[in-house]
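# Analysis of the macromolecular model
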Amino acid sequence: GRGLSARCTRVSETRRVLRLYLRVRPWQQPHIQARKMVETDVLMSLSEVSIIIPAYNESERLARCLEAPMRAKLDRDWEVILVDDGSTDGTAEVARDLGVSVVQLAMNMGVAAARNAGAQTARGEILLFLDADIVAPLDTLYKLTDRLLNDETVHVVGACPGENLNSQWSSRYLRFLGQWYIRRYVRHDENVPCFPSECGAVRKEVFDKVGGFPETHGGVGMEEFALGHAMERAFEKNELLPEAQYY
């Protein structure tokens, strides 16, 4: 959209000006680190990203999932939202203790409704969805959002499954299915028919335009395929990044 395109233009111009201003000469070595910090702060303040994490009874695994998002909040001032989907194990309290903004649903509504609730309160121009039962390295989060910031023709981008850390059969099955599909069918520049909501980023204007996640589908992952097909019909480009992995 025009807003994000203008933001990307400002990023490029800011990089050019800062490179000239921050060019290091031999007698300026003591100031290298300080100037790098200035460049990082200016550039990253131009990108607004909201990380949305739906969670249902994930108090034991939540801290590990939140490590990278909270680091991104510290480094790039990203918004981190946890949507507590009617948990009974203190998930919301764990998130609040870690400094995360919490949206608390009165009852268990399902993952699609939880993601939509988080998107409604998010202020970012890019929405990065992350499931509470996986771990995404900080580098993976940056690769996803940088792809959208650097190419305005891409509207949705997802990470790929790496090693499985979850012992639940449904998680292992989906991870195996995803790895098989990616190895057999997916190229970096191909459009994919499924939005990888376990670890994926989308422009908010695109998400809003297609109506978010449909909340009427049963079964594991069906809302992801429904949203992906809606984006296809709207001619939105959806990519997977094999070099961006989650666990």
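Residues numbered from 1 in each chain as written. Predicted model: local features only at pLDDT ≥ 70, side-chain atom pairs only at ≥ 80, totals over all residues. Heavy atoms only, no water.

Attention now goes to the environment of Ser87. Locating Ser87 in the fold gives a position in the loop between strand E2 (79–84) and helix H4 (91–97). Linking Ser87 and Leu105, residues 18 residues apart in sequence, is a C-alpha distance of 8.6 Å. With residues near it in sequence (within four places) discarded, Ser87 still touches Ala55, Tyr56 and Asn57. A distance of 2.8 Å separates the side chain of Ser87 from the backbone nitrogen of Asn57, its partner in a polar contact. (Helix = DSSP H or I, 4+ residues; strand = E, 2+ residues; numbered from the N terminus. Contact = heavy atoms within 4.5 Å. Polar contact = N/O pair within 3.5 Å; in protein donor to acceptor, adjacent residues only side chain to side chain.)

Ile51, Ile53, Trp78, Leu130, Leu144 and Cys199 are the most contacted members of the largest nonpolar core, which totals 34 residues. Residue assignment for this core shows that the elements contributing at least two residues are strand E1 (49–55), helix H3 (62–76), E2, strand E4 (126–130), helix H6 (138–150), strand E5 (156–161), strand E6 (199–203) and strand E7 (238–246). The element that contributes the greatest number of residues to this core is H3, accounting for 6 residues. The residues contacting Ile53, other than those within four sequence positions of it, are Cys65, Leu66, Pro69, Val80, Ile81, Leu82, Val83, Leu130, Asp131 and Ala132. If you look at the next biggest cluster of nonpolar residues, it comprises 20 residues, including Phe129, Val156, Val206 and Leu227. (Core = buried A, V, L, I, M, F, W, Y, C linked by side-chain atoms within 4.5 Å. Buried < 20%, exposed > 50% of the residue type's maximum accessible area, 1.4 Å probe, protein only.)

This next bit is on the sheet that holds E5. The strand order across the open sheet formed by 7 strands is E3-E2-E1-E4-E6-E5-E7, and the pairing between neighbours is mixed. Looking along the sheet, the strands with just one partner apiece sit at the ends: strand E3 (101–104) and E7. Adjacent strand axes in the sheet meet at a mean angle of 25 degrees when their direction is disregarded. Relative to E4, E1 runs parallel, the two being bridged by 4 bridges. Across the sheet, residue Val49 finds its bridge partner in E4, namely Ile126. Along the sheet, H3 contacts E1, E2 and E4; its crossing angle with E2, the most-contacted strand, is approximately 150 degrees. (Pairing = 2+ DSSP bridges. Axes fitted to C-alpha atoms, helices over the stretch in contact; angles between N-to-C directions.)

Moving on: the packing of aromatic side chains. If you walk through the whole model with that rule in mind, you get 4 aromatic pairs. Relative to Phe207, the ring of Phe129 lies with its centre 5.4 Å away and its plane at 40 degrees, an arrangement referred to as tilted. Taken together, the residues Phe129 in strand E4 and Phe207 in helix H8 (residues 204–209) connect sequence positions 78 residues apart. Note on Phe207 and Phe213: the rings are 5.6 Å apart at their centroids and 65 degrees apart in plane angle, and the pair reads as edge-to-face. Taking the relative accessible area as the measure of exposure, Phe207 reaches 3% and is therefore buried. What makes Phe213 buried here is its relative accessible area of 2%. Put simply, the rings of Phe129, Phe207 and Phe213 touch in pairs and so form one group of aromatic residues. Here the guanidinium or amino end of Arg115 rests over the ring plane of Phe213, the centre of that ring lying 5.1 Å away. (Phe/Tyr/Trp six-rings, centres within 6.5 Å; stacked < 30°, edge-to-face > 60°. Lys NZ or Arg CZ within 6 Å of the ring centre and 35° of its normal.)

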